[in-house]
Amino acid sequence: MLQLITILNRCHRFPGFVYQQARFSSDHKSIEIAVRPRKGSRAVCSRCHQPAPGYDQLAERRFEFIPFWGFLVFLLYAMRRVDCRRCRAIVVEEVPWGDGKRSLTKAYMVFLARWARRLSWKETAEAFRTSWDKVFDAVEHVVSWGLEHRVFGQIDAIGVDEIQYAKGHKYLTLVYQIDLNVTRLLWIGKERTIESFQGFFTVIGEEIASKIVFVCSDMWEPYLKVIREKCAEALHILDRFHIVAKMNKALDEVRAGESRRLALEGLAPVLKKSRWLLLKREKNLKTEQRFRLRDLLRYNLKTVRAYLLKEAFQQLWDYNSPAWAAAFLDEWCRQVMRSRIEPMKKIARSLRQHRELILNYFRAQKMLSSGVVEGLNNKAKVTMRKSYGFRTFRALELALYHLASCQSPNPPTNFSDEPKKLMLLRKLPIKGKRVNAPMEGCQ
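Residues numbered from 1 in each chain as written. Predicted model: local features only at pLDDT ≥ 70, side-chain atom pairs only at ≥ 80, totals over all residues. Heavy atoms only, no water.

Asks: Break down the side chain of Thr303 for me, citing the residues and quoting the values.
Replies: Summarising the element assignment, Thr303 is placed in helix 10 (residues 302–313). With relative accessibility at 1%, the residue Thr303 sits in the buried group. The contact partners of Thr303, leaving out residues within four places of it in the chain, are Leu251, Val254, Arg255, Glu258, Leu271 and Leu278. (Helix = DSSP H or I, 4+ residues; strand = E, 2+ residues; numbered from the N terminus. Buried < 20%, exposed > 50% of the residue type's maximum accessible area, 1.4 Å probe, protein only. Contact = heavy atoms within 4.5 Å.)

Dropping the structure here:
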């Protein structure tokens, strides 16, 4: 046991305290290490964090430490009460290995929190023979400390999106920093409302918000309104992935309606089991599906015309020039408005309304999009699936911050050290241009 004390003194030495004795518990299933104050050392007030004279001792407490060779390890210590003249109160002393009234040591909480990033909280608790609540406390301690001490620094680009976290249309608003050299979760808001998104700008402050250069989002109107108010000078890039998703939804609506019509009229069910055949990109289809799609395209159906319009729209993302992209978008919308396919016409009207936001993707030289946001959202969804449903919003919030709030290496402080792409983005002539508002007179 003397060697164990030597190891502790090397790894976790606390000034003012001494590891006195290490022994097995009475059932030989755990190791107990007695700790005492070093002679002449003064206790520290837990309120003002300053040395204060001791008053008396309380009953011995057990602090759970990092397991050693499969044995549970506990630190045993009788807390001192101090008579603090600064606080004018008698309080319990502050110990360097503990945090408030928690029974876990700081070292053990960091240990559990690191494993909780790899495993689910339940699996972490089972692996180290502890409880789910203690893993929760560990993650809460680490996340709270990180949020309290994090530095926002300069934020060039943000992405905002929502994910559903419970049944009944319950959503979270997630804001990410998506700079070319930093990716991290900045904010979690309950619901996808104007108030929840405004909470993010309240946290970062007006000075940081005014320096944001790029914003990526979808077409959700509350987000668009807040971005117009808080980031009026930023280049607002509309998410291409949500545009494609809405187009697929419109195509599926056309297919479902026409499939029902064919069934009512007693015609051949040519659209039966064709949903994913139409929604997949042609390059992702298998050989058998390609032949079936070729046969389906021979029919003069609204679904076929809607599919061809959807596939033609993909050409938009191949352009590099905003002018050519604008010309293609305008022509595509004109064709759709003459197609007499109402779900697709609805998409065209929406694209016309948000025309300038879509073209901002090309003005940013196609270097920024919400692809990073979608990837981070997938990680968040995996976290929720691993948990099999958190019982409280607080637990979900801690898990997401714990997963995605870590950033890439620190951003460079000198402009000359920045990546080439970031330098190009900052040189784009976007400040002062009204490219975030829809064109006047658009229908």
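Asks: Tell me about the packing of aromatic side chains, residues and numbers included.
Replies: Summed over the entire model, instances satisfying the criterion amount to 25 aromatic pairs. When the ring of Trp132 is compared with that of Phe136, the centres are 5.8 Å apart and the planes differ by 15°; the resulting orientation is stacked. Residue Trp132 and its partner Phe136 are located together in helix 4 (residues 132–149), separated by four residues, close to a single helical turn. When the ring of Trp317 is compared with that of Phe362, the centres are 6.3 Å apart and the planes differ by 15°; the resulting orientation is stacked. Here the residue Trp317 occupies a position in the loop between helix 10 and helix 11 (322–337), and Phe362 occupies one in helix 13 (residues 355–363), the gap between them amounting to 45 residues. You can call Trp317 buried: its relative accessible area is 5%. Here Phe362 falls in the buried class, since its relative accessible area comes to 2%. Taken together, Phe14, Phe17, Tyr19, Phe63, Tyr77 and Trp97 form an aromatic cluster joined through their ring pairs. Here Arg240 stacks its cationic end above the ring of Phe241, 5.8 Å away from the centre of that ring. (Phe/Tyr/Trp six-rings, centres within 6.5 Å; stacked < 30°, edge-to-face > 60°. Lys NZ or Arg CZ within 6 Å of the ring centre and 35° of its normal.)

Asks: Any chance you could break down the sheet that holds strand 10 (residues 183–190) for me, citing the residues and the numbers?
Replies: Strand order in the open sheet formed by five strands is 10-9-8-11-12, with mixed pairing between adjacent strands. Either end of the sheet is taken by a strand with one partner, and the two such strands are strand 10 and strand 12 (235–238). Strand-to-strand twist in this sheet, taken as the mean axis angle between neighbours without regard to direction, amounts to 25°. Taken together, the three bridges between strand 8 (residues 157–166) and strand 11 (residues 214–217) define a ladder with parallel strand orientation. Following the sheet pairing, Gly159 is matched in strand 11 by Cys216. (Pairing = 2+ DSSP bridges. Axes fitted to C-alpha atoms, helices over the stretch in contact; angles between N-to-C directions.)

Asks: How would you summarise the confidence of the model for the protein if you had to cite specific residues and measurements?
Replies: Residue-level pLDDT values for the protein average 86, and 90% of them are 70 or greater. The least confident element of the protein, judged by mean pLDDT, is helix 16 (residues 420–427) at 49; the most confident is helix 11 at 96. Below pLDDT 50 for its whole length, residues 408–424 participates in 20 contacts with residues either more than four positions away or in separate chains. Segment residues 429–443: pLDDT under 50, and 27 contacts once partners within four positions in sequence are set aside and those in other chains are kept. (pLDDT = per-residue confidence, 0-100.)

Asks: Describe the environment of Pro96, with residues and values.
Replies: In this fold, Pro96 is placed in the loop between strand 7 (89–92) and helix 2 (106–118). C-alpha separation for the pair Pro96 and Arg13, spaced 83 residues apart in sequence, amounts to 9.7 Å. In this structure Pro96 touches Phe14, Phe17 and Lys106, once residues within four positions along its chain are discounted.

Asks: So what's going on with helix 12 (residues 342–353)? Residues and values would help.
Replies: Under the 1.5 Å per step criterion, the end-to-end length of helix 12 is 16 Å for twelve residues, consistent within 8% with the ideal 16 Å. Buried within helix 12 we find Pro343, Met344, Lys345, Ile347, Ala348, Ser350 and Leu351. Along its buried surface, helix 12 packs onto helix 7 (240–264), helix 10, helix 11 and helix 13. (Expected span 1.5 Å × (residues − 1).)

Asks: Go over the nonpolar core, please, and point to the residues and values.
Replies: A general feature of soluble globular proteins is that nonpolar side chains tend to end up buried together. Judged by nonpolar contacts, the single largest core of 93 residues is most densely connected at Phe201, Trp332 and Leu351. Among all residues touching Phe201, those that are not within four sequence positions of it are Ile158, Ala209, Ile212, Val226, Lys230 and Cys231. Counting residues in hydrophobic clusters, the runner-up holds 26 residues, among them Ile33, Val35, Leu75 and Ala107. (Core = buried A, V, L, I, M, F, W, Y, C linked by side-chain atoms within 4.5 Å.)

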